[in-house]
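Chain by chain, the residues run as shown.
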Amino acid sequence: MKHLLDIDTWARKEHYEFFSRFEEPFFGVCVDIDCSIAWQQANAMETSFFLLYLHRSLVAANEVTPFRYRINDGKVWVYDTVGASPTINRPDSTFGFGYMDYYPDYATFSVKAAEEVARVRNSKGLVPAISGENVIHYSALPWIDFSAVSHARAFSFPDSCPKISFGKMTEVQGCKRMSMSVHVHHGLMDGFHVGNFIDLFQQKMNDPLL
C-alpha cells in the first residue's frame, strides 16, 4: 500500500523541486560497518550472513521514512513498506536480479529470501526482477574493500530508489568490518536521513537479539 505525500505542506518542498531538476539527483556516501556481532550470530544460527545483514538493513530502511519515498510522474508516494531487489551471484560469475518482500521477523524473511536466491542462481541471463519501485536496489561486492562506489544509470529512465552496496568483510585488530555505500535521491532526503539510517543499521547489526 502507498499514499501521496502532500508536497505543498512538506518542509522539503523547495529542496525536492530544486534537486528534481538535476540530471543526476543522487548523492552517496561510503562508511565502514562493524559486523563482528552479526557475523558471530549468523554462525551460531547457521544462517546466511548475507541474508542476515540484508534483512537488518531493510529493517533500518523501513524505519527511516524517506527511504520509503518514491517519485512517480512528478508526485511523491510513501510506501507502507519497501522490499529488496538485490543482485544474486551465480557459480558461473554472472549475476541476476532478485526480489524479496519485506518481513519484520528474520525467520520468515530468511525462508522466503533463500527461495529467491535459489531461483535466481538456477536461472540464466540477467532475469530482471519484476519489483516495481517499492524496493531498495542492493548489490554485494564481497571481493572489494571499497572506499567509493558509482553506479551505472540510464538518466532517461526515472529512478528514485535508494541503492545500497556492501563490500568485502575484513578484520582489523579482531574487529570484523564491512564497507557499505548508500546512494539516495537528494530530492527525497538529505545527509541527515542517511546518517539516521546508517546509525540505525549499525545498532541492529550490534543487537544479538534480532
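Rules of the game
- Residues numbered from 1 in each chain as written.
- Predicted model: local features only at pLDDT ≥ 70, side-chain atom pairs only at ≥ 80, totals over all residues.
- Heavy atoms only, no water.
- Helix = DSSP H or I, 4+ residues; strand = E, 2+ residues; numbered from the N terminus.
- Buried < 20%, exposed > 50% of the residue type's maximum accessible area, 1.4 Å probe, protein only.
- Polar contact = N/O pair within 3.5 Å; in protein donor to acceptor, adjacent residues only side chain to side chain.
- Contact = heavy atoms within 4.5 Å.
- Disulfide = S-S within 2.5 Å.
- Expected span 1.5 Å × (residues − 1).
- Pairing = 2+ DSSP bridges.
- Axes fitted to C-alpha atoms, helices over the stretch in contact; angles between N-to-C directions.
- Core = buried A, V, L, I, M, F, W, Y, C linked by side-chain atoms within 4.5 Å.
- Arc of directions from axis to C-beta.
- Phe/Tyr/Trp six-rings, centres within 6.5 Å; stacked < 30°, edge-to-face > 60°.

If you check an unreviewed UniProt entry, the protein chain appears there as Chloramphenicol O-acetyltransferase type A from Chitinophaga terrae.

**Quick notes on unusual backbone geometry**
Phi at Glu46 takes a positive value of approximately 55°, unusual for a residue other than glycine. Structurally, Glu46 is set in the loop between α2 (36–45) and α3 (49–63). Owing to a relative accessible area of 76%, Glu46 belongs among the exposed residues under this scheme. At Gln173, a residue that is not glycine, the phi angle is positive and equals roughly 50°.

**Examining the side chain of Ser139**
Relative to the helices and strands, Ser139 resides in strand β7 (residues 135–140). Only 2.6 Å separates the side chain of Ser139 from the side chain of Ser165, close enough to count as a polar contact. Aside from chain neighbours lying at most four places away, what touches Ser139 is Thr87, His151, Ile164, Ser165 and Phe166.

**Things to note about the state of the cysteines**
Under the counting rule described, the total for this entry stands at zero disulfides. For Cys35, which is in no disulfide, the shortest distance to another cysteine sulfur is to Cys175 and amounts to 7.4 Å. For Cys175, a relative accessible area of 26% puts it in the partly exposed group.

**Let's talk about α3**
Over its 15 residues, α3 runs 21 Å from end to end, which matches the ideal 21 Å to within 8%, given 1.5 Å per residue. Judged by how many residues are buried, α3 sits mostly within the fold: 13 of 15 residues are covered. Capping of α3 at its N-terminal end is provided by Ser48; its side-chain oxygen lies 3.3 Å from the backbone amide nitrogen of Phe50.

**What about the sheet that holds strand β3 (residues 69–72)?**
On the basis of which strands lie adjacent, the open sheet formed by three strands has the order β1-β4-β3 and antiparallel pairing. Single-partner strands in this sheet number two, and they are β1 (2–4) and β3. For this sheet the average axis-to-axis angle between neighbouring strands, irrespective of direction, equals 35°. Note: β1 against strand β4 (residues 75–79), three bridges, orientation antiparallel.

**Notes on the nonpolar core**
The biggest cluster of nonpolar side chains holds 43 residues, and the ones touching the most others in it are Phe67, Met100, Met180, Phe197 and Phe201. Per-element tally for this core: the top contributor is α3, with nine residues.

**Section: helix α4 (residues 106–121)**
Relative to the 22 Å expected for 16 residues at 1.5 Å per residue, α4 spans 22 Å between its end C-alpha atoms, a close match to the ideal helical length. All buried positions along α4 are accounted for by Tyr106, Phe109, Ser110, Ala113, Glu116, Val117 and Val120. Buried residues in α4, looked at end-on, bunch into an arc of 135°, giving them a common side. The exposed residues of α4 that point more than 90 degrees off its buried face are Ala107 and Glu115. On its buried side, α4 packs onto α2, α3, β5 (83–89) and β6 (95–97).

**Some thoughts on the packing of aromatic side chains**
Counted by the stated rule, this structure contains 14 aromatic pairs. Taking the centre distance of 4.5 Å and the plane angle of 55° together, the rings of Tyr53 and Phe166 count as tilted. With Tyr53 in helix α3 and Phe166 in strand β8 (residues 163–172), this residue pair connects regions lying 113 residues apart in the sequence. Given the relative accessible area of 5%, Tyr53 is considered buried.

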